[in-house]
Amino acid sequence: MKNGRKIEYIKIPDLTYGNVLEEAKIVWPPGSKSDPHDHRKSTGHIWILEGAIYQKVYDKKTKKFIKLSIYDVGELIIETPDIIHIMGNASLIEFAVTKHIYSPPLRMKYYKLPELKK
Ligand SMILES: [Fe+2]
């Protein structure tokens, strides 16, 4: 559990290229969200399986979260290694479920909001 979210991780060998992929399924209770974080060297592909997910992207120049996007079932979010963002369940009533694939396996750094304003 992380901020009320249920997260299941599975490491998958990529037999073609010899890498390891990481798969995660996250169940987002209504109104739950992640802390601000990056993904170090990982690129992530996130599919919305149930509900709706919002994403706020941090802008390093203005030192603010400037972009808000909302994703519905079937949509894909691509997380690049340089991104710092917050993700959350866009609904205060319904659960959301997402499936994540990361390569290389995810190593996240979490940020405190005051740290991002410096
Ligand atoms: Fe993320």
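Preceding block: the structure.
So, a few notes on the structure that sits alongside this text.

Reading the values: the criteria
- Residues numbered from 1 in each chain as written.
- Predicted model: local features only at pLDDT ≥ 70, side-chain atom pairs only at ≥ 80, totals over all residues.
- Helix = DSSP H or I, 4+ residues; strand = E, 2+ residues; numbered from the N terminus.
- Rg over C-alpha atoms; globule rule 2.2 N^0.38 Å.
- Contact = placed C-beta atoms within 7 Å.
- Pairing = 2+ DSSP bridges.
- Buried ≥ 20, exposed ≤ 12 C-beta atoms within 10 Å, placed from the backbone.

## Examining the overall build of the protein
- From N to C terminus, the protein includes 1 helix and 10 strands.
- Counted from the first residue to the last, the protein has its helices and strands arranged as β-β-β-β-β-β-β-β-β-β-α.
- Taking 118 residues into account, the globule formula puts the C-alpha radius of gyration at 13 Å, and the protein, at 14 Å, falls close to it.
- Dimensions along the principal axes, computed over C-alpha positions, put the protein at roughly 40 × 35 × 25 Å.
- When contacts within the protein are restricted to residue pairs at least 6 apart in sequence, long-range pairs at least 24 apart make up 76% of them.

## What about the pairing of strand β5 (residues 53-59)?
- Examined bridge by bridge, β5 and strand β6 (residues 64-71) share 7 bridges and lie antiparallel to one another. Its bridge partner lying in β6, I53 is registered against Y71.
- In textbook terms, the turn of a hairpin is the stretch between consecutive antiparallel strands, and for β5 and β6 this stretch comprises 4 residues, one of which, K63, has a positive phi near 60°.
- Here β5 runs beside strand β8 (residues 85-89); their pairing, made up of 5 bridges, is antiparallel. Residue pairing in the sheet places I53 in a bridge with N89 of β8.

## Re the environment of W47
- Within the secondary structure, W47 is located in strand β4 (residues 43-50).
- Judged by the 16 C-beta atoms lying within 10 Å of it, W47 falls in the partly exposed class.
- In this structure W47 touches L76, T98 and K99, once residues within four positions along its chain are discounted.

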